[in-house]
Amino acid sequence: MQAIAQTRAIQPLASRGRARCAREGKRAAGPVKCRAMGDDGHSDTVEVKGDWRAFRAALVNQEHAHRQRFNQQQQANHVVTNLSAASTAYSRRQASKITPGDWAHILPEAETGCLLLAPETEEGWWRHSVVLVLNHDAEGSTGVILNRPTNAQLKNVVPEIDYSAPHHRVLANRHVSMGGPMGTEKGARCLVALSHTRLDGATSEVFPGLWHVSDFSAVKPEHEPSLMVFVGYCGWMSGQLNAEVAANGWTVAAASAANTLALVNASARAGDVMGESMWATMRGRLGDPRPGNLGDDT
């Protein structure tokens, strides 16, 4: 994420009392160890060498299938209790078809790389918004709204950039999305760019299959087709996002890279400038049963 000030790209500095642009830094690589607790009280440690998020999604799907079988057995035995009803509702909320590269499920709390879905009653900037959290730690959180496309090119939205610089010229004709209410002031605009491929020297991994540009000066002409560009971002101070989630201010979810990027691409293709269609699609994918959403079979 880079701020634009006085026609040049600079790295923004963190400041007290307000959210800041995402910090630079490489994420730890290597296998992840998970502990699984059995019904007998014993635990096993499993080392996950691939995409640990996909592994977790498979575990969520396995739990969902187990709950469905349990509910079916209870219903077959005519044992319908409040507990069974609650379990059915939980399973519906967790509904998601898990296939490699194509999954989504609800999370209990925010994390780097998660999605935040605004409540149906939200208005203003957040109406029908789906936010990708780029960074979430003890110091605060940053992210971008994925489903706010525009028909405008970057050079027209942010004319103060020096487009004679090669790395800016690459982005000049890209259509931009509005990433959030922060970093939108003239002379202090903040740019965010996502990529579905790793761009050597230019990107940092958000999670496997999705990267964000951490050094715009390293962007090259051949990178241009891979980039999705946003003006503005979302920011939360330390503890603020966790408090909003605890107050049911967001639905928190994890989704595969393909499903996450589809929120950007499909909104742009459909001209869905307010993002309602993709917001509804994702809520339906997560098992939201309310009218106006798409249900469990999307």
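The structure reproduced in this document is the subject of the present report. Just so you know, these numbers come straight off a predicted model, no measurement behind them. Each chain has its residues counted from 1, running along the sequence as written. Predicted model: local features are reported for residues with pLDDT of at least 70 only, side-chain atom pairs are reported and counted for 80 or more only, and whole-chain, interface and lining totals are derived from all residues. To get the side-chain values, take all heavy atoms of the structure and skip hydrogens and water.

Notes on the overall build of the chain
What counts is decided by this rule: Put simply, DSSP H or I for four residues or longer makes a helix, DSSP E for two residues or longer makes a strand, and each gets a number counted from the N terminus. Each residue gets one of three labels from its accessible area relative to the maximum for its type: buried under 20%, exposed over 50%, partly exposed in between, using a 1.4 Å probe on protein chains only. Note on definitions: a residue-residue contact is assigned when non-hydrogen atoms from the two residues lie within 4.5 Å. For the accessible areas, the method is Shrake-Rupley and the probe is 1.4 Å, while residue cover comes only from the protein chains on display.
Scanning the chain from terminus to terminus reveals seven helices and 16 strands. Burial status across the chain gives 45% buried among its 298 residues. Counting contacts in the chain only where the partners sit at least 6 residues apart, residues at least 24 apart contribute 65% of the total. Carbon and sulfur atoms form 52% of the exposed surface of the chain, whose accessible area is close to 15100 Å².

Quick word on the environment of Met237
With respect to the helices, strands and loops of the structure, Met237 is situated in strand β15 (residues 234-237). A relative accessible area of 39% means that Met237 is categorised as partly exposed. Through-space distance from the C-alpha of Met237 to that of Glu139 is 6.8 Å; in sequence the pair is 98 residues apart.

Quick notes on the sheet that holds strand β5 (residues 104-106)
Heads up, the rule is: By this definition, two strands are paired if DSSP reports at least two bridges between them. Convention adopted: a line fitted to C-alpha atoms gives each axis, helices being fitted over their contacting stretch, and angles between N-to-C directions are expressed from 0 to 180 degrees.
An order of β5-β16-β6-β7-β8-β15 is seen for the six strands of this open sheet, with the pairing classed as antiparallel. Each end of this open sheet is capped by a strand with a single partner; those strands are β5 and β15. Pairwise comparison of adjacent strand axes, ignoring direction, gives a mean angle of 30° for this sheet. Across three bridges, the pairing between β5 and strand β16 (residues 251-255) is antiparallel. Each residue of the ladder has a partner; that of Ala104, found in β16, is Ala255.

Regarding the packing of aromatic side chains
Using the following cut-off: A pair of aromatic rings is counted whenever rings of Phe, Tyr or Trp (Trp by its six-membered ring) have centres within 6.5 Å, and the orientation is called stacked for planes under 30 degrees apart, edge-to-face for over 60 and tilted otherwise.
With the rule as written, the count across this model stands at three aromatic pairs. Residues Trp126 and Trp250 carry aromatic rings whose centres are separated by 5.5 Å and whose planes lie at 85° to one another, so their mutual orientation is edge-to-face. Taken as a pair, Trp126 in the loop between β6 (115-117) and β7 (130-137) and Trp250 in the loop between α5 (240-246) and β16 lie far apart in primary sequence, 124 residues in all. We classify Trp126 as partly exposed; its relative accessible area is 22%. Under the relative-accessibility criterion, Trp250 is labelled buried at 10%. Counting every residue linked through ring pairs, the aromatic cluster contains Trp126, Trp236 and Trp250.

Focus on the environment of Asp137
What counts here: Polar contact is defined as a pair of N or O atoms within 3.5 Å, subject to the rule that within protein one atom must be able to donate a hydrogen and the other to accept it, and that residues adjacent in sequence are counted only when both atoms are side-chain atoms.
Relative to the assigned elements, Asp137 resides in strand β7. In this structure Asp137 comes out as partly exposed when scored by relative accessible area, which is 24%. Along the primary structure Asp137 and Met237 are separated by 100 residues, whereas in three dimensions their C-alpha atoms are 9.9 Å apart. Side-chain polar atoms of Asp137 contact the side chain of Asn135, separated by 3.2 Å.

Points about the pattern of salt bridges
Convention followed: By definition here, a salt bridge exists when the distance from a side-chain nitrogen of Lys or Arg to a carboxyl oxygen of Asp or Glu is within 4 Å.
Under the criterion given, the structure shown has six salt bridges. Between Glu123 and Arg127 there is a salt bridge; the shortest N-O distance is 3.1 Å. Under the relative-accessibility criterion, Glu123 is labelled partly exposed at 48%. Take Arg127: its relative accessible area is 30%, and that puts it in the partly exposed class. Glu224 is the partner of Arg174 in a salt bridge, and the nearest nitrogen-oxygen pair spans 2.9 Å.

Points about unusual backbone geometry
For His128, which is not glycine, the phi torsion reads 55° and is therefore positive. Positionally, His128 belongs in the loop between β6 and β7. For His128, a relative accessible area of 5% puts it in the buried group. A positive phi angle, close to 60°, is found at Asn248, a residue other than glycine. Note that Asn248 resides in the loop between α5 and β16.

Some remarks on the environment of Gly275
Of note, Gly275 is situated in the loop between α6 (257-270) and α7 (276-285). Among all residues touching Gly275, those that are not within four sequence positions of it are His128, Asn147 and Arg148.

Describing α7
Of all 10 residues that make up α7, seven are buried, and the element is covered over most of its length. Within α7, burial applies to Met278, Trp279, Ala280, Met282, Arg283, Gly284 and Arg285. Gly287, located one to two residues past α7, shows a positive phi value of around 95°.

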